[in-house]
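Residue-level listing of the chains:
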Amino acid sequence: MPGHHTTAPSPPRRRADAERSIMRILDAAVGALADDAEASMAEIARRAGVVRATVYVHFPTREALLEAATHRAIAEVAHVIEATEPHRGDPADALARVVAASWRRLGRYHALVAINTHQHGHDELRERHSSVLGALEPLIERGQADGSFRADVPVTWHLSMVMALIHAASGELGARRVTDADAEPALVATVLGAVTAAHSTTLRTKAI
């Protein structure tokens with residue numbers, strides 16, 4: 001009709017609504033998986049407060065949803081690592097900060113860690129964690145250069161050991177063989193023990 005105008009929602013508004021919907025679905029997925037590793041798309045939709053069709057609009061398969069949740073978790077850990085300033089201070093102290101902060105951030109993602117560890121091989125896991133491992137690489141190199149970390153193995157070895165130990169600690173926590181209160185200090189001590197040069201360990205023990 002003349003003089004009658006209908007204003008369509010702007011694309012930015014639609015994108016913002018879609019992003020909020022995606023975040024709700026991802027949060028719901030993480031919570032559902034923590035209670036049941038086989039949680040269905042219907043259960044995830046229920047927790048997110050949306051119909052199942054909305055979940056499928058954003059994530060055509062359960063695998064796609066798990067992939068998105070995994071990428072978000074890894075991105076969060078990468079951000080935490082950056083915030084801990086791994087370039088600052090003694091390399092061993094910096095690594096302890098990084099591991100502790102990463103572990104705390106992983107607190108809500110242990111079920112997702114278990115699913116990924118079960119479904120993917122070592123090479124695939126390394127590829128998925130490339131952003132995190134890349135952020136740690138300069139720290140390991142710095143520690144090797146000043147003698148804090150073992151230099152008789154390549155940087156990639158240390159990175160693989162750190163990743164494996166964090167995943168193992170997550171599994172032990174999930175199996176209730178270690179308490180949440182004990183897991184973090186045990187993990188930090190184990191990681192440092194694995195990467196620290198022998199003479200550096202001796203000096204630290206004498207200092208204590």
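Residues numbered from 1 in each chain as written. Predicted model: local features only at pLDDT ≥ 70, side-chain atom pairs only at ≥ 80, totals over all residues. Heavy atoms only, no water.

(A) Region of interest: the pattern of salt bridges. Taken as a whole and judged by the stated rule, the model has 12 salt bridges. Between Glu43 and Arg47 there is a salt bridge; the shortest N-O distance is 2.8 Å. In this pair, Glu43 and Arg47 are both assigned in helix 2 (residues 41-48), four residues apart and thus about one turn of the helix distant. Assessed through its relative accessible area of 24%, Glu43 is described here as partly exposed. Between Glu76 and Arg105 there is a salt bridge, with its nearest N and O atoms 3.8 Å apart. With Glu76 in helix 4 (residues 62-83) and Arg105 in helix 5 (residues 91-105), this residue pair connects regions lying 29 residues apart in the sequence. (Salt bridge = Lys/Arg side-chain N within 4 Å of Asp/Glu carboxyl O. Helix = DSSP H or I, 4+ residues; strand = E, 2+ residues; numbered from the N terminus. Buried < 20%, exposed > 50% of the residue type's maximum accessible area, 1.4 Å probe, protein only.)

(B) Structural view of the environment of Ser21. Turning to its location among the elements, Ser21 is positioned in helix 1 (residues 11-35). For Ser21, the residues in contact, after removing those within four places along its chain, are Thr54 and His58. (Contact = heavy atoms within 4.5 Å.)

(C) Examining the packing of helix 4 against helix 5 more closely. Across the interface, helix 4 lies against helix 5 with an axial gap of 9 Å and an inter-helix angle of 145 degrees. Every pair of crossing elements has a handedness; the one defined by helix 4 and helix 5 is right-handed. Contact residues: helix 4 offers Glu76, Val77, Val80 and Ile81, while helix 5 offers Val98, Ala101, Ser102 and Arg105. Of the residues belonging to the contact of helix 4 with helix 5, the class tally is five nonpolar, one polar and two charged. (Axes fitted to C-alpha atoms, helices over the stretch in contact; angles between N-to-C directions. Left-handed = near helix turned anticlockwise from the far one by under 90°. Nonpolar A, V, L, I, M, F, W, Y, C, P; charged D, E, K, R; others polar.)

(D) Quick look at the environment of Ala164. Note that Ala164 resides in helix 9 (residues 155-174). With 38 residues separating them along the chain, Ala164 and Arg126 place their C-alpha atoms 9.9 Å apart.

(E) Structural detail: the nonpolar core. Ile25 and Leu65 are the most contacted members of the largest nonpolar core, which has 55 residues in total. Counting residues per element, the ones that place at least two in this core are helix 1, helix 2, helix 4, helix 5, helix 6 (110-119), helix 8 (130-145), helix 9 and helix 10 (180-195). When sequence neighbours within four positions are dropped, the list of residues in contact with Leu65 reads Ile25, Leu26, Ala29, Met41, Ile44, Val55 and Phe59. (Core = buried A, V, L, I, M, F, W, Y, C linked by side-chain atoms within 4.5 Å.)

(F) The arrangement of the confidence of the model for the chain in detail. For the chain, the average pLDDT comes to 89, and 89% of its residues sit at 70 or higher. Within the chain, helix 5 carries the highest mean pLDDT (96), whereas helix 11 (residues 198-207) carries the lowest (49). Here residues 201-208 is modelled with pLDDT under 50, and outside its nearest four sequence neighbours on either side it reaches four contacts, counting other chains as well. (pLDDT = per-residue confidence, 0-100.)

(G) Representation of the packing of helix 4 against helix 6 within the structure. Look at helix 4 against helix 6: their axes get within 11 Å of each other, and the N-to-C directions meet at 115 degrees. Crossing of helix 4 against helix 6: the hand is left-handed. Note on element contacts: helix 6 touches helix 4 through Leu112, Ile115 and Asn116, opposite Leu66, Ala69, Thr70 and Ala73. Among the residues forming the contact of helix 4 with helix 6, the class breakdown is five nonpolar, two polar and no charged.

(H) Seen up close, the side chain of Gln144. If you trace the backbone, Gln144 turns up in helix 8. Assessed through its relative accessible area of 17%, Gln144 is described here as buried. Polar side-chain contacts of Gln144 include one of 2.9 Å to the backbone oxygen of Arg150. When neighbours within four sequence positions are excluded, Gln144 is seen to be in contact with Phe149, Arg150, Ala151, Val153, Pro154, Val155 and His158. (Polar contact = N/O pair within 3.5 Å; in protein donor to acceptor, adjacent residues only side chain to side chain.)

(I) Spatial organisation of helix 10. Taking 1.5 Å of rise per residue, the 16 residues of helix 10 would be expected to cover 22 Å, and the 23 Å separating its terminal C-alpha atoms lies within 8% of that figure. Within helix 10, the full set of buried residues consists of Ala183, Leu187, Val188, Val191 and Val195. Taken around the axis of helix 10, the buried residues stretch over an arc of 120 degrees, which confines them to a single face. Along helix 10, exposed side chains directed more than 90 degrees from the buried face belong to Ala181 and Gly193. On its buried face, helix 10 sits against helix 5 and helix 9. (Expected span 1.5 Å × (residues − 1). Arc of directions from axis to C-beta.)

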